[in-house]
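Per-entry structural report
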There are 4 protein chains.
Amino acid sequence: MHQSNTSNRARLLISCPDQPGIVASVSKYLHENKANIVQSDQYSTDPEGGMFFMRIEFDLPSFEETYYTILQQFPAVAEQFDMSWRLEQERKTKKMAIFVSKEDHCLLELLWKWRSGELEVDIPVVISNHPDLKDIVESYGITFFHIPVTKETKPDAEQKAKEVLDSYGVDFIVLARYMQILSSDFVQAFRHKVINIHHSFLPAFIGANPYKKAFERGVKLIGATAHYITDDLDEGPIIEQEILRVNHRYSAEDLKIAGRNVEKIALARAVDWHINDKILVHENKTLVFN
Amino acid sequence: MHQSNTSNRARLLISCPDQPGIVASVSKYLHENKANIVQSDQYSTDPEGGMFFMRIEFDLPSFEETYYTILQQFPAVAEQFDMSWRLEQERKTKKMAIFVSKEDHCLLELLWKWRSGELEVDIPVVISNHPDLKDIVESYGITFFHIPVTKETKPDAEQKAKEVLDSYGVDFIVLARYMQILSSDFVQAFRHKVINIHHSFLPAFIGANPYKKAFERGVKLIGATAHYITDDLDEGPIIEQEILRVNHRYSAEDLKIAGRNVEKIALARAVDWHINDKILVHENKTLVFN
Amino acid sequence: MHQSNTSNRARLLISCPDQPGIVASVSKYLHENKANIVQSDQYSTDPEGGMFFMRIEFDLPSFEETYYTILQQFPAVAEQFDMSWRLEQERKTKKMAIFVSKEDHCLLELLWKWRSGELEVDIPVVISNHPDLKDIVESYGITFFHIPVTKETKPDAEQKAKEVLDSYGVDFIVLARYMQILSSDFVQAFRHKVINIHHSFLPAFIGANPYKKAFERGVKLIGATAHYITDDLDEGPIIEQEILRVNHRYSAEDLKIAGRNVEKIALARAVDWHINDKILVHENKTLVFN
Amino acid sequence: MHQSNTSNRARLLISCPDQPGIVASVSKYLHENKANIVQSDQYSTDPEGGMFFMRIEFDLPSFEETYYTILQQFPAVAEQFDMSWRLEQERKTKKMAIFVSKEDHCLLELLWKWRSGELEVDIPVVISNHPDLKDIVESYGITFFHIPVTKETKPDAEQKAKEVLDSYGVDFIVLARYMQILSSDFVQAFRHKVINIHHSFLPAFIGANPYKKAFERGVKLIGATAHYITDDLDEGPIIEQEILRVNHRYSAEDLKIAGRNVEKIALARAVDWHINDKILVHENKTLVFN
């Protein structure tokens, strides 16, 4: 279900050392290229020697001409300010792969929001180390790949997954309760392009069985954390967190059920922001311009 | 306790019909005047024929020279785009008057946040139609004026209040549970400069006794709404709303107590945003750039 | 997918004028009948002349013998205290019908929670005035009835719906964004057995198009309200409310999307509580023992 | 400001191994002693071999006679079920001591809620290791003790504090941002009677400087945790937790300010529940019957 999108909207995301004149230069450049700025957000950690971040959303009335001109010419502006930058076009719908194991709540939340048009993304493929969710996925018209993973076959399995992702031109990956740890190589290949949902309010209850730990600790709120995957397990940049109030009547099982509901909310928001290029990563933190 | 503030920070707030080139022109102008943009937010209701809003925060290294230059010259830029605009300086701490009746929870929240430095504002005067809170106010070193109000004396009372406000150079007013309805004349004189806290989740329970009504309706959440006062009672632009979960065990009195806690939270946030020029009013709505 | 439930758990719900000795009499009676009380909640509006409410959950080790004994004998206890009461058994899974129109978000939330075991209920039938959701419903193995409704055919349509509900032995109905107003006769026939989700934070924005109204009013929080249907449209006893923070960037359409997410959360909670007999209705309010 | 309280209300709190007949026996006993049960909550971790907890609130029309009768006779009932229990009377207002250092936000929240009648408690004394808050405390008519603490003088300081607490008949202690670690001896002497507010969402950010750690981790929600003090620092039974949403614009200082606001909310709720005997502690968890 690829949406043929004729939007003329583009987004420019910038990170650079702060100094005077950045906004003026960028907005002057865009104006000269007929861009009509719709929204712009910026943030400076410190005007004196800090880092500057900007996200500009603009319409290009003659998209075909100007978009590629900007793509070619903007490096000159960027160089002047030592910028990291990327230019994104709304008409190029991103391709998202979902990795799952056996639990379906996060998967189904994403599929429902995708089908309802809430998430403007293409989902060409779902990959799982278990066959359980095949029928559900295929009922949405999405290709399902069962790639089993054992300790021994992990490198092969990841290689196979990469091939699938390549063949579908996947832009980013969502781990929707995928219970495998990805290798460093895999993570490096998709830097800041793998979103995970951790079933706890990080940094509390890092690691396995967070709901059991939360139950034993007697917490009064449980949470979930959506974050980008890095080499440090559960330590990647946090994108979104959500919580739910609980009480002593919740068994460990009840906490798990309650947890599912916050997991899917936090994950869906993070995915939405990623799709709309609202997230900038700096060191181990995110800036979310929403 | 006037803070002698040597900040070089200024804020420019703009509303105008949207059209290409606004950001470029404004940022170019500011850059030419040595402004170092720290933060900027903008929003367009519709790039084609909609309204455009912008808030820019910037540092002026040679404040004394450039601030007044901008103040004098910016009208030329503004005229070009048919802008409503205002320029604010952080070093000029705003003067806030608080109007109260007998209840002290909102008053004390503001006073505490003021004394702790959380609200960067001057509070030269508190005005009340009752004498009850005199001692508390004076214990904070703030002048207290008791101006009784009856139906007959209302015009005189408002006149007297205006004189007090003038003599202290008050910039804006907070109605911290002031139970009187201000006249249209008074409201006009302080347009978008009177913040009220309404003890309900507007537009539910408009008017008097909202907690009693909430009790009778059996709501599961109660709320409070901070808004600018306009001629339409309880209908002015909403700045902030907050809620609290309640249940069947709450009596009407319990709801009132719970309500106090959301009232003070919502009001304090609204005041903070007003102080920091984060609020733009358009028609009957606010844009809060926070 | 009827669950063959062998639970020995029962629930007794009681409302009566408060007076001394109620708890003692009831718990003594249950103990004599070998009931093992697992949980009990009670509430009195006023020990002097108020109303008393109780919900007791208990296990009956010899269920077959004792359950029906209690059912037959308890009226004697109840009469003594002028009680309204009902006895429910966990092993008798309730039968829920869902009424929908075209929007699927509330329906799918309920179906997913049902399939995942989160909602312990049977869903024999979905009824709709539109054919749109037929395939989705049937893919869950649930019978779908398309019963069109026009102003003229409404009595016939309701009659037909009643026949369907009867033939499936339906215990209660959920209006999951069913956009029709039910007749007084229908509502009376299912008193406190029809749960509706209203797409606003009642009593704000009663009636149609609440998100448009919320947009125009510029609210900072939007909400949804699950309530039992009564003859007074949107005025029935509130079961649950939920809210979500929004801001000036939300278009009327964005508010609608955000609204869907609070609607499904509030509705699913209300349904869960109804299934587990956690709700008592008194006059126009609910007591939720959760 | 001791309130002369003539309430006839008492509260019985019970923990014991679960078994059939507990509720029946207790409610029968209370009924025979003319108690009129107003509210009762109970919870069983597992009807088969689990623990049973109950909180009963009741009025005793002839309080003077029956209260002491129950106090003397109830041990016979308790013994039968191997109960831990305590009987509390609402007319005996609890005496609370507050320990502070230099920060006043939690202290002032408690004082304000006390003066407004929201917290029905006596506050005879505030103890601090710094003199800074003396004037504020005394302005509320409360005695302030400055007891400095160094590593060397800690045993003496705690001894002195104990003497003060004894002389005022203090029932429980609130650490309102008291930055000292209490000795094991002191903690044992006030088991489950010292409430602390930890400035983070435990178990995240255990230990010092949680806001700095939260800033570095880039969390999207910050929290605070009210808990009983035990020998394990920051590991005592959690009473209440609260959170606030933050974003990348919050500096470490902003997080600290935001944190204050959640700290005072969580602490005030925990204190309110403790005052009203709504908390039962079992192993390292609390049951809050609210």
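Residues numbered from 1 in each chain as written. Chains lettered and ligands numbered in written order. Predicted model: local features only at pLDDT ≥ 70, side-chain atom pairs only at ≥ 80, totals over all residues. Heavy atoms only, no water.

By the naming in an unreviewed UniProt entry, chain A is Formyltetrahydrofolate deformylase, taken from Salibacterium salarium. The heading Catalytic activity (unreviewed entry) in the UniProt record of chain A holds the text "(6R)-10-formyltetrahydrofolate + H2O = (6S)-5,6,7,8-tetrahydrofolate + formate + H(+)". Listed under Sequence similarities (unreviewed entry) in UniProt, the entry text for chain A is "Belongs to the PurU family." (UniProt positions renumbered as here; feature names shortened; annotations may be inferred.)

Time to look at the interface of chain B and chain C. Chain B puts 33 residues into the contact, and the matching count from chain C is 33 residues. When chain B packs against chain C, close to 2,900 Å² is buried across both sides, 53% of that on carbon and sulfur atoms. Taken as a group, R217, K220 and H248 of chain B account for 25% of the area that chain B buries against chain C, more than any other trio of residues on that side. The interface formed by chain B and chain C holds 6 salt bridges in total. Here R217 of chain C makes a salt bridge to E235 of chain B, at a shortest N to O gap of 3.6 Å. (Contact = heavy atoms within 4.5 Å. Buried area = accessible area lost by both parts, 1.4 Å probe. Salt bridge = Lys/Arg side-chain N within 4 Å of Asp/Glu carboxyl O.)

Between chain A and chain D, the contact holds 33 residues from the first and 33 residues from the second. Taken together, both faces of the contact between chain A and chain D bury some 2,900 Å²; the carbon and sulfur share is 53%. It is R217, K220 and H248 of chain A in chain A that bury the most area against chain D; as a group they hold 25% of the surface buried on that side. Applying the counting rule to chain A against chain D returns 6 salt bridges. For R245 of chain D, the salt bridge identified is with E240 of chain A, shortest N-O distance 3.0 Å. Contributions of two or more residues to the side of chain A that touches chain D are made by β2 (36–44), α7 (210–217), β11 (238–245) and β13 (285–288) of chain A. Per-element tally for the side of chain A that touches chain D: the top contributor is β11 of chain A, with 7 residues. Classifying every residue of the side of chain A that touches chain D by side-chain character gives 15 nonpolar, 7 polar and 11 charged. (Helix = DSSP H or I, 4+ residues; strand = E, 2+ residues; numbered from the N terminus. Nonpolar A, V, L, I, M, F, W, Y, C, P; charged D, E, K, R; others polar.)

A few words on the environment of D104 of chain D. Mapped onto the secondary structure, D104 of chain D falls in the loop between β5 (95–100) and α3 (105–115). With 65 residues separating them in the primary sequence, D104 of chain D and Q39 of chain D have C-alpha atoms 36 Å apart. With near-sequence residues (within four places) excluded, D104 of chain D lies in contact with W112 of chain B together with L133 and I136 of chain D.

What follows is about the relation of the copies chain B and chain C. Each copy of the sequence occupies a distinct position, and chain B is placed on chain C by a rotation of 180° and an axial shift of 0.0 Å, giving an RMSD of 0.0 Å. Between the two chains, the operation in question is that of a two-fold axis. Within chain B, A204 of chain B has its C-alpha nearest the rotation axis, a separation of 2.1 Å. With an isologous cut-off of 70% or more, the 100% of interface residues of chain B that recur at the interface of chain C puts this contact in the isologous class. (Least-squares fit on C-alpha atoms with pLDDT ≥ 70 in both.)

Moving on, we come to unusual backbone geometry. Positive phi values are uncommon outside glycine, yet K34 of chain A reaches one of about 70°. Checked against the element boundaries, K34 of chain A lands in the loop between α1 (22–32) and β2. Under the relative-accessibility criterion, K34 of chain A is labelled exposed at 59%. Even without a glycine there, the phi angle at H192 of chain C is positive, about 60°. (Buried < 20%, exposed > 50% of the residue type's maximum accessible area, 1.4 Å probe, protein only.)

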